[in-house]
Amino acid sequence: MTTIIDGKAVAAALRADVAKDAIAFTGKYGRRPGLAVVLVGNDPASEVYVGSKVRLTREAEMSSFEHRLPAETSEADLLALVQKLNEDDLVDGILVQLPVPRHIDSGKVIQAIDPAKDVDGLHPENAGRLMAGLPGLAPCTPLGSMLLIESVQKDLSGLHAVVIGRSVLVGKPIAQMLLAANATVTMAHSRTKDLPAMCRSADILVAAVGVPELVKGDWIKPGAIVIDVGINRLPPSEGANKGRLVGDVAFDEAKVLAGAITPVPGGVGPMTIACLLQNTLTAARRRVGATA
Ligand code: NAP
């Protein structure tokens with residue numbers, strides 16, 4: 001019997017725990033943990049993400065500081081805002097919604113964020129900490145994916161994990177997390193030879209590619225845990241599928257062989273914001289010197 005991993009439920013439980021801990025934090029330190037979200041421009045998808053982040057931050061008993069800047073904001077002005085937020089004691093976490101407009105260097109912006117407030121976990125210092133096994137702030141989507149894996153399999157020791165995708169945002173950090181959990185990790189990417197065979201050897205398969213339904217049913221090892229990070233919207237012209245959201249895994253085929261699998265939507269997606277809130281709480285605790 002295949003387990004369909006319910007990311008919505010796991011995320012809701014995590015957000016409820018974070019809210020409880022945020023109330024305790026406020027009681028002890030006299031202020032709420034605070035998350036600042038910066039949106040430059042009006043990309044419709046980013047508007048939706050930022051709207052959800054603000055709403056869920058408030059629902060998690062934290063302060064939300066929203067900064068919406070026009071698309072023509074200069075890089076210097078954005079960097080100045082980041083600096084102001086770095087120095088603001090009420091702000092524990094800073095998230096600059098990506099992508100930023102083309103005239104702004106996103107790398108420069110990420111590196112301007114105080115690593116202690118980098119709740120997206122993208123600052124090179126936090127990436128290095130993850131690699132070195134030191135405490136830091138890790139990227140939210142891989143963190144959420146790991147929680148989903150651990151919701152169905154506590155001990156990953158010796159299991160073969162195949163990660164498709166090597167982005168700084170997802171592929172590389174989740175590979176580090178799986179390695180830290182004692183899995184044997186293979187990273188695959190666009191130059192990997194015989195990807196189907198590679199996937200068939202995976203006890204844990206993480207797809208973070210951005211290619212709709214790339215992973216077919218017969219690529220799945222029977223009983224494998226399949227984590228589909230992909231979020232792809234099919235074009236409006238594709239008949240009955242028009243505009244539908246699909247992952248990087250052909251879900252209906254893959255669920256036949258998988259032991260556990262995440263759906264899209266409703267799998268990894270909801271975990272990302274839940275982990276962002278958890279990271280904000282962690283950052284707040286560290287900033288006041290409490291153990292996280
Ligand atoms: P990305 O930066 O574009 O990286 C994609 C990776 O996939 C690259 O490493 C690329 O290989 C590899 N790849 C591309 N085509 C391939 C193929 N045919 N076979 C094997 N590997 C291939 O993407 P990303 O930011 O990691 O995001 C991946 C997916 O996750 C996207 O659908 C994105 O929307 C989704 N996502 C979801 C969440 C969430 O909250 N659920 C968060 C972030 C991202 P090369 O390195 O060789 O080019």
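Note: the structure precedes this text.
In this text the structure is predicted, and so the values were computed from the model without any measurement. (Residues numbered from 1 in each chain as written. Predicted model: local features only at pLDDT ≥ 70, side-chain atom pairs only at ≥ 80, totals over all residues. Heavy atoms only, no water.)

Draft legend 1. Geometry of empty space enclosed by the protein. All chains considered together, the criterion is met by one cavity of 30 Å³ or more. The space that makes up the largest cavity amounts to roughly 50 Å³. Taken together, Val 96, Leu 98, Ile 110, Ile 113, Asp 118, Asp 120 and Leu 122 make up the full set of residues lining the largest cavity. Within the lining of the largest cavity, the residues separate by chemical class into five nonpolar, no polar and two charged. (1 Å grid on protein atoms, 1.4 Å probe; cavity = no way out; pocket = protein on both sides within 12 Å on 5 of 7 lines; lining within 4 Å. Points joined across faces, edges and corners; volume = space filled by probe spheres on them. Nonpolar A, V, L, I, M, F, W, Y, C, P; charged D, E, K, R; others polar.)

Draft legend 2. Spatial organisation of the nonpolar core. Residues Ile 149, Leu 178, Ile 204, Val 206 and Ile 227 are the most contacted members of the largest nonpolar core, which totals 47 residues. Looking at this core, the element that brings in the most residues is helix α10 (residues 269–287), giving eight residues. The residues touching Ile 204, leaving out its near neighbours within four places in the chain, are Ile 149, Leu 156, Leu 159, His 160, Ala 161, Val 162, Leu 178 and Ile 225. Membership of the second largest hydrophobic core comes to 17 residues, among which are Val 162, Cys 199, Ala 202 and Val 226. (Core = buried A, V, L, I, M, F, W, Y, C linked by side-chain atoms within 4.5 Å. Buried < 20%, exposed > 50% of the residue type's maximum accessible area, 1.4 Å probe, protein only. Helix = DSSP H or I, 4+ residues; strand = E, 2+ residues; numbered from the N terminus. Contact = heavy atoms within 4.5 Å.)

Draft legend 3. Highlighting the layout of surface pockets. In this model, the largest pocket occupies a volume close to 1,400 Å³. Lining the largest pocket are 46 residues, with Tyr 49, Thr 141, Ile 231, Gly 269 and Thr 272 sitting closest to its centre. Broken down by secondary-structure element, the contributors of at least two residues to the lining of the largest pocket are α1 (7–29), α2 (44–59), β4 (93–96), α6 (140–152), β9 (232–233) and α10. Ranked by residues supplied to the lining of the largest pocket, first place goes to α2 with eight residues. Looking at the lining of the largest pocket residue by residue, the class counts come to 26 nonpolar, 11 polar and nine charged. Taken as a whole, the second largest pocket encloses approximately 380 Å³ of empty space. Counting residues per element, the ones that place at least two in the lining of the second largest pocket are α5 (124–132), α6, α7 (171–180) and α10. Split into classes, the residues belonging to the lining of the second largest pocket amount to 11 nonpolar, seven polar and two charged.

Draft legend 4. Representation of α6. Look at α6: 19 Å from first C-alpha to last across 13 residues, which is about the 18 Å you get at 1.5 Å a residue. Those residues of α6 that sit buried are Cys 140, Thr 141, Pro 142, Gly 144, Ser 145, Met 146, Leu 148 and Ile 149. Where α6 is buried, its residues meet α1, α7, β7 (204–207), β8 (225–228) and α10. (Expected span 1.5 Å × (residues − 1).)

Draft legend 5. Summary view of the site of the ligand. The local shell around the ligand holds 22 residues, among which Arg 166, Ser 167, Ser 190, Ile 231 and Thr 272 are the closest. One nitrogen or oxygen atom from the side chain of Ser 167 is found 2.5 Å from an oxygen atom belonging to the ligand. One of the backbone N or O atoms of Val 229 is found 3.5 Å from an oxygen atom in the ligand. Relative to its free-state accessible area of 930 Å², the ligand is covered by the protein chains to the extent of 69%. (Near = heavy atom within 4 Å. Polar contact = N/O pair within 3.5 Å; in protein donor to acceptor, adjacent residues only side chain to side chain. Areas by Shrake-Rupley, 256 points an atom, 1.4 Å probe, with all protein chains shown as cover.)

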